[in-house]
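Here are the chains, one letter per residue:
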Amino acid sequence: MQKQEELYSGKAKSVFTTSNPDQLVLYFRDDTSAFDGKKREALSRKGMVNNRFNAFVMEQLEESGIHTHFIELLSEQESLVKQLQMFPLECVVRNVAAGSLCKRLGVTPGLELERPIFEFFLKNDDLGDPMVNEYHIRAFEWAEPQYVEQMKKQTFAVNDVLKALFAKAGLILVDYKLEFGLYQGQVVLGDEFTPDGCRVWDAQTREKLDKDRFREDLGGVIEAYELVGRKLGVEFDEALPI
Ligand code: ADP
Ligand code: UDP
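Residues numbered from 1 in each chain as written. Chains lettered and ligands numbered in written order. Predicted model: local features only at pLDDT ≥ 70, side-chain atom pairs only at ≥ 80, totals over all residues. Heavy atoms only, no water.

## Concerning the overall build of the protein
For step 1, the next point in the chain: What the protein contains, in helices and strands, is six helices and 15 strands.
For step 2, the next point in the chain: Relative to its length of 242 residues, the protein is compact, with a C-alpha radius of gyration of 17 Å against a globular reference of 18 Å.
For step 3, the next point in the chain: The principal-axis extents of the C-alpha atoms in the protein amount to approximately 50 × 45 × 35 Å.
For step 4, the next point in the chain: For the protein, restricting intrachain contacts to residue pairs at least 6 apart in sequence, the fraction spanning at least 24 positions comes to 57%.
For step 5, the next point in the chain: Accessible surface, the protein: about 12100 Å² in total, of which carbon and sulfur atoms supply 48%.
For step 6, the next point in the chain: Within the protein, one finds 30 positive and 41 negative side-chain charges whose respective centroids are separated by 4 Å. (Helix = DSSP H or I, 4+ residues; strand = E, 2+ residues; numbered from the N terminus. Rg over C-alpha atoms; globule rule 2.2 N^0.38 Å. Contact = heavy atoms within 4.5 Å. Areas by Shrake-Rupley, 256 points an atom, 1.4 Å probe, with all protein chains shown as cover. Lys, Arg positive; Asp, Glu negative; His and termini not counted. Charge placed at Lys NZ, Arg CZ, Asp CG, Glu CD.)

In structure tokens, the structure reads:
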């Protein structure tokens, strides 16, 4: 499937139409951003690493019965996906306290949460992606209540699968962000799951192996993403099935 017109160019990916009106090409660029796009840099090999990492995770989730938009890898930096009507929401799950949760509530970073915490954020860079609740979502019609329930249910299902997968690889899945959309009336997981949108620590040393390395100028960003991928079973050097 060839990409046609560029529909949208985001902070890290570009989205293209294809000859099939139900399918899109996601092009994973090397561009990296943090702090709602205020810090930006192109990191060599990032597009390839994230494209393959995401394909691996999406396939694991499909095998566990979670519906995702992922269809197939097209090239080193491109994946074919189902076109979704995206909800303008970010679903964040936290297993360990970190990031904005600690700043907002004064909680100690690294505190293990007995039960995962779920939070909705509005996807709006100009407003700094503010946290919202189900009353806001209903009032402003960002998603119908039945879809809100589905997003929560599927996010927790993803957590069960990925927490175990990461733990088996000697990694702690601290927190992450998911985006969902509608496909033929069904809530389906879209966007990406990569170290760009999650926090992952080494279980032994608690070393940060995710985008916090970029946020905090720790260096070795893509090396860390690749290390996490290899520990999980991603084959970065395998020939593409094309
Ligand atoms: P951002 O928009 O936050 O800068 P990206 O650079 O990752 O993020 O851009 C990718 C865009 O594509 C996001 O806005 C995301 O919501 C959207 N998207 C991801 N998957 C799909 C899909 N299957 N169908 C339609 N849009 C999608
Ligand atoms: N996250 C993301 N995109 C966003 C906001 C958050 O991918 O626009 C991810 C982030 O990488 C982390 C989790 O969601 O894994 C929780 O982020 P948090 O609310 O702590 O915000 P941060 O302090 O990272 O901006």
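## Points about the pattern of salt bridges
For step 1, the next point in the chain: Applying the stated rule across the entire model yields 25 salt bridges.
For step 2, the next point in the chain: In this structure, the salt-bridge partner of E78 is K3, at a minimum N-O distance of 2.5 Å. Taken together, the residues span a long stretch of sequence, with E78 in strand 7 (residues 78-82) and K3 in the segment before strand 1 (6-9) at a distance of 75 residues.
For step 3, the next point in the chain: On the accessibility criterion, E78 (13% relative accessible area) is buried.
For step 4, the next point in the chain: Taking relative accessible area as the criterion, K3 reaches 34% and is therefore assigned partly exposed.
For step 5, the next point in the chain: The salt bridge involving E216 is made with K208; its shortest N-O contact spans 3.0 Å.
For step 6, the next point in the chain: Judged by relative accessible area, E216 falls into the partly exposed class, the value being 39%.
For step 7, the next point in the chain: According to the relative accessible area criterion, K208 is partly exposed, its value standing at 26%.
For step 8, the next point in the chain: One salt-bridge network, held together by shared partners, links R94, R104, E119, D175, R199, D212 and R215. (Salt bridge = Lys/Arg side-chain N within 4 Å of Asp/Glu carboxyl O. Buried < 20%, exposed > 50% of the residue type's maximum accessible area, 1.4 Å probe, protein only.)

## Focus on the site of ligand 2
For step 1, the next point in the chain: In the vicinity of ligand 2 there are 16 residues, among which R94, S100, D175, R199 and R215 approach most closely.
For step 2, the next point in the chain: Here an oxygen atom of ligand 2 and a side-chain polar atom of D175 are 2.6 Å apart.
For step 3, the next point in the chain: The separation between an oxygen atom of ligand 2 and a polar side-chain atom of R215 is 3.0 Å.
For step 4, the next point in the chain: Look at ligand 2: alone it shows 500 Å² of surface, and the protein chains cover 81% of it.
For step 5, the next point in the chain: Among the elements of the structure, strand 9 (89-96), helix 2 (99-105), strand 12 (171-178) and strand 15 (198-202) are those that each provide at least two residues to the shell around ligand 2. (Near = heavy atom within 4 Å. Polar contact = N/O pair within 3.5 Å; in protein donor to acceptor, adjacent residues only side chain to side chain.)

## So, the site of ligand 1
For step 1, the next point in the chain: For ligand 1, the set of nearby residues contains 16 residues, the closest of which are Y8, K11, A12, K13 and K123.
For step 2, the next point in the chain: Between ligand 1 and K82 there is a distance of 2.8 Å, counted from a nitrogen atom to a backbone nitrogen or oxygen.
For step 3, the next point in the chain: Relative to its unbound accessible surface of 560 Å², ligand 1 loses 88% to contact with the protein.
For step 4, the next point in the chain: Breaking the shell around ligand 1 down by element, the ones donating at least two residues are strand 2 (13-17) and strand 7.
For step 5, the next point in the chain: A breakdown of the residues in the shell around ligand 1 according to their chemical character gives seven nonpolar, three polar and six charged. (Nonpolar A, V, L, I, M, F, W, Y, C, P; charged D, E, K, R; others polar.)

## Brief notes about the pairing of strand 3 (residues 23-28)
For step 1, the next point in the chain: Most of strand 3 is tucked away, with five of its six residues classed as buried.
For step 2, the next point in the chain: Of the strand pairs in this sheet, strand 2 and strand 3 are connected by five bridges, and their pairing is antiparallel. Of the residues in strand 3, the one forming a bridge with T17 is L24.
For step 3, the next point in the chain: Between the end of strand 2 and the start of strand 3, which pair antiparallel, lie five residues.
For step 4, the next point in the chain: Relative to strand 7, strand 3 is paired through five bridges, and the arrangement is antiparallel. What sits directly across from Q23, in strand 7, is K82. (Pairing = 2+ DSSP bridges.)

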